[in-house]
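Here is how the chains run, residue by residue.
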Amino acid sequence: MVTYRAILDVPREAVLFLSHLLATERRLRGTRKGTRALTCFHQAVLALRHFRDGTDPATLARDHGIGRSTSYRYIDEATDVLAAQAPDLHHALNNAHDTGVSHLVLDGMVIPTDRCSEKTTSVRGQSIDLWYSGKAHHHGGNVQGVMEPDGFPVFISHVEPGSVNDLPAARAHVLGALYAWAAQGLPNAGRSGIPGCWHRHHHPRQAAE
């Protein structure tokens with residue numbers, strides 16, 4: 001067996017920020033000191049390794065000397081406390097307007113995931129995997145993102161199962177607010193991969209003219 005050192009490619013401030021959020025969450029839950037397998041700092045490192053490098057929970061569990069289920073739970077906790085810091089859609093749109101963003105772009109993607117065995121019934125009446133995406137050809141969750149022209153995300157929606165197509169997911173989470181945004185004369189761009197969006201949004205080229 002060979003051991004080696006590795007460097008987590010994130011600023012230390014990011015680890016401390018997440019560690020502080022986790023510590024606050026533990027206090028709110030009434031978690032007693034010394035009852036967790038990892039400190040808040042090392043839980044933050046574990047989660048950021050997963051976010052930054054895509055390290056799988058089983059490997060993280062082995063490296064940090066914890067159980068696999070605990071590794072999954074620690075990642076979920078870190079995801080939840082970070083998600084709670086994100087602005088809601090209306091706040092994100094107002095902030096984009098106040099900062100003079102020329103236009104916004106809507107896009108969706110299926111984030112790969114595992115441990116999904118839930119079934120659902122398709123429109124054809126067939127039993128299918130709820131979290132399997134026929135478009136992406138893998139299991140995952142469909143998320144919709146609203147981005148600035150350079151691709152910086154201002155809002156990421158809640159997740160829908162992978163079997164949900166982009167347009168229904170966009171309708172459920174973002175299109176209503178974007179339609180209202182467009183009605184005020186504020187340009188935003190649809191995406192050719194989401195049929196039905198283009199006629200209600202401006203093309204980026206139009207926004208620039």
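Along every chain, residues carry numbers that run from 1 in the direction the sequence is written. At least 70 in pLDDT is required for a residue's local features to be given in this predicted model, at least 80 for side-chain atom pairs to be given and counted, and no such filter applies to totals for whole chains, interfaces and linings, which use all residues. The basis for the side-chain values is all heavy atoms of the structure; hydrogens and waters are excluded.

Visitor: Requested: an account of the packing of helix H2 (residues 40-53) against helix H3 (residues 57-64), with residues and values cited.
Guide: Axis lines are fitted to C-alpha atoms, over the contacting stretch for helices. Their N-to-C directions set the angle, which ranges from 0 to 180 degrees. By definition, any uninterrupted DSSP run of H or I lasting at least four residues is a helix, any uninterrupted run of E lasting at least two residues is a strand, and each is numbered from the N terminus. It is at 10 Å that the axes of H2 and H3 come closest, and there the two elements cross at 150°. Judged by the angle between their axes, H2 and H3 are roughly antiparallel. With respect to the hand of their crossing, H2 and H3 are arranged in right-handed fashion. Counted together, His42, Val45, Leu46, Arg49 and His50 of H2 and Pro57, Leu60, Asp63 and His64 of H3 form the full contact between these two elements. Looking at the contact of H2 with H3 residue by residue, the classes come out as four nonpolar, three polar and two charged. Oblique is the label for every angle not falling under 35 degrees (roughly parallel), over 145 degrees (roughly antiparallel), or within 65 to 115 degrees (roughly perpendicular). Crossings are sorted by hand: turned counterclockwise from the far helix by less than a right angle, the near helix makes the crossing left-handed, and turned clockwise it makes it right-handed. Contact between two residues is taken to exist if any of their heavy atoms lie within 4.5 Å; hydrogens are not considered. Ten residues, namely Ala, Val, Leu, Ile, Met, Phe, Trp, Tyr, Cys and Pro, are considered nonpolar, four, namely Asp, Glu, Lys and Arg, are considered charged, and the remaining ones, Gly among them, are considered polar.

Visitor: Any details on the packing of helix H5 (residues 89-98) against helix H7 (residues 175-183)? Residues and values, ideally.
Guide: The interhelical angle for the contact between H5 and H7, taken along N-to-C directions, is 30°, at an axis separation of 10 Å. By the criterion of interaxial angle, the relationship of H5 to H7 is roughly parallel. Like other packed secondary-structure pairs, H5 and H7 cross with a definite hand, here right-handed. Listed contacts from H7 to Leu89, His90, Leu93, Asn94, Ala96 and His97 of H5 are Ala177, Leu178 and Trp181. Here the contact of H5 with H7 is built from residues that sort into six nonpolar, three polar and no charged.

Visitor: Hey, could you go over helix H6 (residues 166-173) for me, with residue numbers and the actual values?
Guide: Classification of residues uses two cut-offs on accessible area relative to the type maximum, computed with a 1.4 Å probe and protein chains only: under 20% is buried, over 50% is exposed, and between them is partly exposed. Of the positions making up H6, those classed as buried are Asp166, Leu167, Ala169 and Ala170. The arc that holds every buried residue of H6, seen down its axis, measures 165°, which confines them to one face. Turned more than 90 degrees away from the buried face of H6 sit Arg171 and Ala172, all of them exposed. Buried residues along H6 sit in contact with strand E1 (104-112), strand E5 (138-147), strand E7 (160-161) and H7. What the arc describes is the spread of directions from the helix axis to the C-beta atoms.

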